[in-house]
Amino acid sequence: MKLKRLIFLIFGFLSLGLGCVGVVIPILPTVPFFLVTVFCFANSSQKLHDWFVSTRLYKKHLESFVKKKGMTVQTKLGIIIPVTLVMGVGFFMMMRANVLAPSIILAIVWVCHIIYFVFGVKTIHRKSRA
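Structure report, in brief. Just so it is clear, the structure is predicted and the values come from calculations on it, not from any experiment.

**Considerations on the environment of Met87**
Logical step 1: Relative to the helices and strands, Met87 is located in helix α6 (residues 73–96).
Logical step 2: It is 30 Å that separates the C-alpha atoms of Met87 and Leu9, two residues lying 78 residues apart in sequence.
Logical step 3: If sequence neighbours within four positions are ignored, Met87 has contacts with Leu106, Val109 and Trp110.

Structure (structure tokens):
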């Protein structure tokens, strides 16, 4: 096995594990780790890529984003809320220590994150089941 494929395989499994932990622990974002998993598996093993794309985890968290370039409101909130909490804790700790420049940078990154998910990612409305 080539070294490049092995590295992608290792990072794929690592991000898959972190994404699965993120499903259980809301502070850890799931979607970015699953995006890395898809990318790494696609570059390491077609069999693993096909397997991951067929799982419920992929279908619940990523399929709508990958296929339609959008997310449901629930998925967006599942990303925005934990990231806001983590960044808020970091911001609070830095402001407490009077560290101004990194606090401003963190605030700008948070605003860009919110703008991207609210305005940059299309919102997909789920169809009600009859």
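**Focus: helix α2 (residues 31–44)**
Logical step 1: In this model α2 runs 20 Å from its N-terminal to its C-terminal C-alpha over 14 residues, within 8% of the 20 Å that 1.5 Å per residue would give.
Logical step 2: Contacts made by the buried residues of α2 are with α1 (3–24), α3 (46–53), α4 (56–61), β1 (70–71) and α6.

**Looking at the side chain of His113**
Logical step 1: In this fold, His113 is placed in helix α7 (residues 100–120).
Logical step 2: His113 gets classed as buried once you look at its relative accessible area, which sits at 15%.
Logical step 3: Residues contacting His113, with those up to four places away along its chain left out, are Ile79, Ile80 and Val83.

**Some points on the packing of aromatic side chains**
Logical step 1: If you walk through the whole model with that rule in mind, you get seven aromatic pairs.
Logical step 2: Pairing Phe34 with Phe52 gives two aromatic rings, centres 5.5 Å apart and planes at 65 degrees, and the pair type is edge-to-face. One end of the pair, Phe34, is in helix α2; the other, Phe52, is in helix α3, and 18 residues separate them in sequence. Judged on exposure class, the residue Phe34 and its partner Phe52 are both buried.

What counts and how
One numbering rule holds for all chains: residues counted from 1, following each sequence as written. Where local features are concerned, this predicted model is filtered to residues with pLDDT of at least 70; where side-chain atom pairs are given and counted, the filter is 80 or more; whole-chain, interface and lining totals use all residues. Only heavy atoms go into the side-chain values, all of them from the structure, while hydrogens and water stay out. Runs of H or I in DSSP of at least four residues are treated as helices and runs of E of at least two as strands, each being numbered from the N terminus. Throughout, a contact is declared for two residues whenever any of their heavy atoms are within 4.5 Å. Given the number of residues in a helix, its expected span is that number minus one, multiplied by 1.5 Å. Classification of residues uses two cut-offs on accessible area relative to the type maximum, computed with a 1.4 Å probe and protein chains only: under 20% is buried, over 50% is exposed, and between them is partly exposed. By convention, a stacked pair of Phe, Tyr or Trp rings (six-membered ring in the case of Trp) has centres within 6.5 Å and planes under 30 degrees apart, an edge-to-face pair has planes over 60 apart, and any other such pair is tilted.

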